[in-house]
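An overview of the molecular structure
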Amino acid sequence: MSDTVSDQKDGPDSPRGLRRELEHYRLVVEEMRRRIRALEDELEAASTMAEVPSVVVTRPELRNTLGRLVKKVAMIIQAEKVLLLLHQPEAGVLTVLPPALGITEEQADSLNIGVADGVSGAVFTDRKSIIYNDALNDPRTLKEIVSLLAVRNGICVPLVIKQRDEEERLVDERVIGVMHVLNKRFDEDFTNEDLRLAEMLAEQGAAVISNAQLYIQLTEEKEELQEAFESIHVGVIVVNRSGVVRLLNPAAAEMLDLPDGDYSGQEMGSVIPPGEARDLLQTTLEAAEERTTEITMGEEDGRVYQAQTTLMVDEDASEVESVVAIFNDITEIRRVERMKTAFVSTVSHELRTPLTSIKGFISTLLEDDEGMYDEETRREFLIIINEECDRLTRLISDLLNISKIESGRGLELQLSDVDLEVLINRVAANHQPYTKKHEIIAIASDGLEPIRADADKLTQILDNLVGNAIKYSPNGGRVEIVARDEGDSVRIDVTDQGLGIPERHRNRIFQRFHQVDDDVDHKSIGGTGIGLYLVQHLAHAHGGRVWLDRSVVGEGSTFSVRLPKHPEGALEHRGV
Ligand code: ADP
């Protein structure tokens, strides 16, 4: 009885039994649906494989294409994770080529697998695929990676680039990395069929990667060249043998006074204005001869270019294909050359003048056997000789310092505590005996503290400024040297009542060799044009600066120097 009751409750025909059976069928249907979905995915993936383009030209394109590829691999083989590892020959490791599927970016970044390590190493070296279904206990797997990526099972296939000839015969084979397909879905094992599919897909992947790398490399090289070509200061024009412009870079456009733009494909005659540049290209083409010449262009400033043409010939060197013309702006070089020549003659003159005077007075004294000159006159002669010797010494010391600056050696400072009041008084006292027309006055403000400076170089700064103040006030007047405290720094002003400096020269007088040369008064006074240039360098070496504070033509000028009391970072000579 009880059996019958229980049969009724739990037997196959009982309500509970029927429910169980129903549940079972529901699960089976669900499983079948899942499989159908997977098969549909597989079908779709297989039919869209052809969408993976084999020509990829930019990095983002490569990333997108590989993204699609790894998704397809995962769908077709029914795997959870897919990653491509690329061989880095310099480092001897395999690293992840993004994007990888099913792993995080940090995990991908941390993967650096030696070419001899684990499954990846074995597949890379032997070029043979591996299938493993018990990752944890398989002796070939790297356990830290198995646990990092939670790998249960996997397939690893080599990424091989196959080069075939026109008849599809294999001519070369190269392994560039490996592809991992990990964790078969539904807790299943990977099969040999999966392996075969993975190899097929890996071949496609390898082809995409190698093509892309080649294209990307070429495009990037081309872009770099293009950028370099556009940014160089040298003008470049390429014209083909029919006189059509192939290239004209921005520097060339500027040189020819053309607006920015792309001139390639246009007739040379309609782009390049008549003149030396066009003639040069024309004659090079006509004579099929390379040339080097100097040409002047630009209406206002007449810039000088060194122009050079080169012939580009076709492969068998029988015909000229195009002419490349390069224009190098050498205006500045020529200007400096002219200035240097002028400088040598000025310096020679500046050296000869005191020497002539010294020689003259010494000869006069030597020839005076009869004692024609009294003691006082003789003394005057000696003072002049002494003065001219000082002038020579100053000039030579300026020249030595300039040569130091020009050769890139810094001006080393011998720092000590300098009492400015003593120093400016000494400078004034040294210059006064040589002039009767000027009154040289040194004024130090109260409480002027000593500063850390190179006393000799500071004297040289003031000697130059006071020397100029005297020299450029030919009618005499007051020359004031005023030093005052400004907290962390000191300021020294040198003021004269002389010629003044015309406006247009004011910011150029500190340039090397620059002299005011367009008025007779300045021109008649000798000089080398290096004094202020040197003064500026000496002030900078102290961490200070010098400037023309005020100047009125016909009334006078004030030059000012500001120096820190403690020149930090100044180029100090410490002695070795
Ligand atoms: P130079 O040896 O010619 O004096 P500097 O470099 O000392 O060279 O000065 C550059 C030019 O600046 C001088 O040639 C002169 O024309 C002008 N100059 C310098 N100091 C004064 C000044 N105190 N008054 C007028 N002109 C000056």
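Notes on the structure follow. If you're wondering where the values come from, they're calculated on a predicted model, not measured in any experiment.

Calculation notes
All chains use their own residue numbering, which begins from 1 and follows the written sequence. Predicted model: local features are reported for residues with pLDDT of at least 70 only, side-chain atom pairs are reported and counted for 80 or more only, and whole-chain, interface and lining totals are derived from all residues. The basis for every side-chain value is the complete set of heavy atoms in the structure, and neither hydrogens nor water enter the calculation. Put simply, a salt bridge is a Lys or Arg side-chain nitrogen that is within 4 Å of an Asp or Glu carboxyl oxygen. Elements are defined by DSSP. Helices are runs of H or I of four residues or more, strands are runs of E of two residues or more, and each kind is numbered from the N terminus. Relative accessibility thresholds used throughout: buried, under 20% of the residue-type maximum; exposed, over 50%; partly exposed, between the two (1.4 Å probe, protein chains only). Strand pairing requires that DSSP identify at least two bridges connecting the strands. Here, axes are lines fitted to C-alpha atoms. For helices the fit covers the stretch in contact, and angles between N-to-C directions go from 0 to 180 degrees. Near residues are defined by distance, with any heavy atom within 4 Å of the molecule or strand qualifying the residue. Counted as a polar contact is a pair of N or O atoms within 3.5 Å, where, for protein atoms, one must be capable of donating a hydrogen and the other of accepting one, and residues adjacent in sequence contribute only when both atoms are in side chains. Accessible surface is estimated by sampling points in the Shrake-Rupley manner with a 1.4 Å probe; for residues, cover comes only from the protein chains shown. Classes in brief: Ala, Val, Leu, Ile, Met, Phe, Trp, Tyr, Cys and Pro nonpolar; Asp, Glu, Lys and Arg charged; the others, Gly included, polar. Note on contacts: a residue pair qualifies if any of its non-hydrogen atoms lie within 4.5 Å across the two residues. The charge count includes Lys and Arg as positive and Asp and Glu as negative, but it does not include His or the ends of the chains. In plain words, nonpolar cores are sets of buried Ala, Val, Leu, Ile, Met, Phe, Trp, Tyr and Cys residues tied together by side-chain atoms within 4.5 Å. Reported domain spans reflect what an automatic or database domain assignment gives.

Some details on the pattern of salt bridges
Two side chains carrying opposite charge are able to pair once their charged atoms lie near each other. With the rule as written, the count across this model stands at 28 salt bridges. Residue Arg196 pairs with Glu193 through a salt bridge whose shortest N-O separation is 3.1 Å. Of this pair, Arg196 and Glu193 both sit in helix α7 (residues 192-231), three residues apart, roughly one helical turn. Here Glu193 falls in the partly exposed class, since its relative accessible area comes to 43%. Here Asp493 and Arg491 are joined by a salt bridge, their closest N and O atoms 3.0 Å apart. The exposure classification of Asp493 matches that of Arg491, with both residues buried.

Points about the sheet that holds strand β9 (residues 292-297)
Strand order in this open sheet of five strands is β8-β7-β11-β10-β9, and the pairing throughout is antiparallel. Of all the strands in the sheet, just β8 (245-248) and β9 have a single pairing partner and so form its edges. The average angle at which neighbouring strand axes cross in this sheet is 20°, direction not considered. Inspection of the sheet shows β9 paired to strand β10 (residues 303-313) by six bridges, in the antiparallel sense. Considered in β10, the bridge of Thr292 is made with Gln308.

Focus: the site of the ligand
Around the ligand sit 20 residues, and of these Asn468, Tyr472, Gln515, Thr528 and Leu532 come closest. With respect to the ligand, the side chain of Gln515 contributes an N or O atom lying 2.8 Å from an oxygen atom. The contact in question runs from an oxygen atom of the ligand to an N or O atom on the backbone of Gly529, over 3.1 Å. Contact with the protein chains covers 98% of the free accessible surface of the ligand, which is 530 Å². Mapped onto the shell around the ligand, the elements with two or more residues apiece are α14 (455-471), α16 (531-541) and β18 (556-564). With three residues, the single largest contributor to the shell around the ligand is α14. For the shell around the ligand, the class distribution of residues is eight nonpolar, ten polar and two charged.

Observations regarding the environment of Val553
Secondary-structure assignment places Val553 in the loop between β17 (545-552) and β18. Since its relative accessible area comes to 53%, Val553 is described here as exposed. Here Val553 is in contact with Leu499, Gly500, Ile501, Pro502 and Arg506, once residues within four sequence places are set aside.

Thoughts on the side chain of Asp496
Tracing the chain through its elements places Asp496 in the loop between β16 (489-495) and α15 (520-523). Buried charge without a salt bridge: Asp496, with Arg550 as the nearest opposite-charge side chain at an N-O distance of 6.6 Å. One polar contact links the side chain of Asp496 to the main-chain amide nitrogen of Gly498, over a distance of 2.9 Å. For Asp496, the residues in contact, after removing those within four places along its chain, are Ala469, Ser473, Arg478, Val479, Glu555, Gly556 and Ser557.

Points about the nonpolar core
Core analysis: the biggest nonpolar cluster contains 50 residues, and Leu458 and Ile481 have the highest contact counts within it. Built from parts of two domains, this core gets at least three residues from each of domain 3 (334-406) and domain 4 (416-574). Core analysis: the next-biggest nonpolar cluster, separate from the first, contains 31 residues, Val73, Ile155, Leu159 and Met179 among them.

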